[in-house]
Amino acid sequence: MTTISLLLPTRGRKDLLARLFDSLMAQTSDLSRIEIVLCIDDDDLESQSLSLSPALNVRKIIGPRSTMGTYNTKCLSASTGDIVILFNDDIVVRTPNWDKIIASFDEGHKDKIYLAYVNDLFKKEKVGSFPILSRKVCEILTDPFPADYKGEHIDYHLFDIFKRLESAGYPRIHYFEDVVFEHMHFSQGKAHVDQTYLDRKMYADDQVFIAYSSFRRKSAERLKDAIEGKSLSMRPEKPAVVDVTDGRKYLKDLYVAFLKDGSLSVRWRSKLFLWFLWRFLAKNGKLLWVKKLYQTARRQWT
């Protein structure tokens, strides 16, 4: 039987966890194939004390407060499933037999190299908000969730790796439109802004994503090698992440990381370039002159 591990960092959301677990119990066809790996901060006593149903296979990792990349990496190390899914505590699972659908998809891929994702009723098909990976992919990537990512962009990081693989001739991204994990995000009016949301600093991981461009390119090369049955190329080295405040230097970094990168399609590299330019300008209060250009470009992508 194909097993599934849900990697779930959480903090200060005991009620949301209870709601998520209720939805899992209601919508999962076979709970014996599911394990939930929780990563909880050692000062979050409320989450640690959550009462759990014996029907759920839950593992708890308790440790010091850290980055989202570190949390997910710890969860991955403690997990045993054939399939790994990055979960949020503000999800509600809406689709019956979701586990059977995803397991069947995995069983249909002999080489197990894919990135799948579900419909979150928020970003939908635009990016894999809750990435689904085989354990084999995680092993090939060696570090699928880099610790440098504090709270954002892990989904884009993985999506970008597979966009590069797609540009190399291997389209391995799959969107489960009819499998719904509803993201009950405050920006959609589905939740109140709590302390966990407030603690995440917007734009904090932009420079990380840019710095990891070469890392992602080499990660895609390793996946390509695996598909083609070749010896894997060298494991990518962790880059240095430097905060850039000078606009000209930032623009140059964007150009090198995205526009100049021939391993990306023109459409995807242009999207990344404009998106991160927009974010830099928004962060520094210089958005007005580029807002119209960005909105026009975005309409063309959607």
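Since the model is a prediction, treat every value here as computed from it, not as a measurement. Counting restarts for each chain: residues are numbered from 1 in the order of the written sequence. Given that the model is predicted, a residue must reach a pLDDT of at least 70 before its local features are reported, and side-chain atom pairs must reach 80 or more before they are shown or counted; all residues, however, enter totals for whole chains, interfaces and linings. Excluding hydrogens and water, the side-chain values take into account all heavy atoms of the structure.

Q: What is the right way to read the pairing of strand E2 (residues 34–41) from this model?
A: For a regular strand, the rule is simple: side chains alternate between the two faces of the sheet. Partly exposed residues are those whose accessible area sits between 20% and 50% of the maximum for their type, while under 20% is buried and over 50% is exposed, using a 1.4 Å probe and protein chains only. In this description a helix means any DSSP run of H or I spanning at least four residues, a strand means any run of E spanning at least two, and both kinds are numbered starting from the N terminus. For E2, a buried count of 8 out of 8 residues is recorded, marking the element as mostly surrounded by other parts of the structure. Between any two strands, pairing holds if DSSP finds at least two bridges. As defined by bridge partners, strand E1 (residues 4–10) adjoins E2 across 7 bridges and the pair is classed as parallel. Considered in E2, the bridge of leucine 8 is made with leucine 38.

Q: Would you take a moment to explain helix H10 (residues 247–259) for this structure?
A: Think of an α-helix as 3.6 residues a turn; residues three or four steps apart then line up on the same face. One less than the residue count of a helix, multiplied by 1.5 Å, gives the span that helix is expected to have. Given a rise of 1.5 Å per residue, 13 residues ought to cover 18 Å, and the 17 Å separating the end C-alpha atoms of H10 matches this to within 8%. Buried within H10 we find Tyr250, Asp253, Leu254, Ala257 and Phe258. In a view along the axis of H10, the buried residues occupy a sector of 100°, so they form one face of it. In this structure, H10 carries Arg248 and Lys252 as exposed residues pointing more than 90 degrees from its buried face. Elements that come into contact with the buried residues of H10 comprise helix H6 (154–167), helix H8 (206–211), helix H9 (213–227) and helix H11 (266–283). For H10, the side-chain oxygen to backbone nitrogen distance between the N-cap and arginine 248 is 3.2 Å, and the N-cap itself is aspartate 246. As used here, the arc belongs to the directions running from the helix axis to the C-beta atoms. Contact between two residues is taken to exist if any of their heavy atoms lie within 4.5 Å; hydrogens are not considered. Pairs of N or O atoms are called polar contacts if they sit within 3.5 Å, as long as, within protein, a hydrogen donor faces a hydrogen acceptor (for residues adjacent in sequence, only side-chain-to-side-chain pairs).

Q: Can you help me understand the packing of aromatic side chains in this one?
A: The relative placement of two aromatic rings is captured by the distance of their centres and the angle of their planes. Side-chain rings of Phe, Tyr and Trp, where Trp is taken by its six-membered ring, are said to pair if the distance between their centres is within 6.5 Å; with planes under 30 degrees apart they count as stacked, over 60 as edge-to-face, and otherwise as tilted. Counted by the stated rule, this structure contains 15 aromatic pairs. Relative to tyrosine 114, the ring of phenylalanine 105 lies with its centre 5.0 Å away and its plane at 80°, an arrangement referred to as edge-to-face. Considered together, phenylalanine 105 and tyrosine 114 belong to a single accessibility category, that of buried residues. Through a chain of ring-to-ring contacts, three or more aromatic side chains come together here, namely Tyr156, Phe209, Phe258, Trp275 and Phe276. Ring-over charges, as used throughout, are those where CZ of Arg or NZ of Lys falls within 6 Å of the ring centre and within 35 degrees of the ring normal. Here the guanidinium or amino end of arginine 216 rests over the ring plane of phenylalanine 209, the centre of that ring lying 3.7 Å away.

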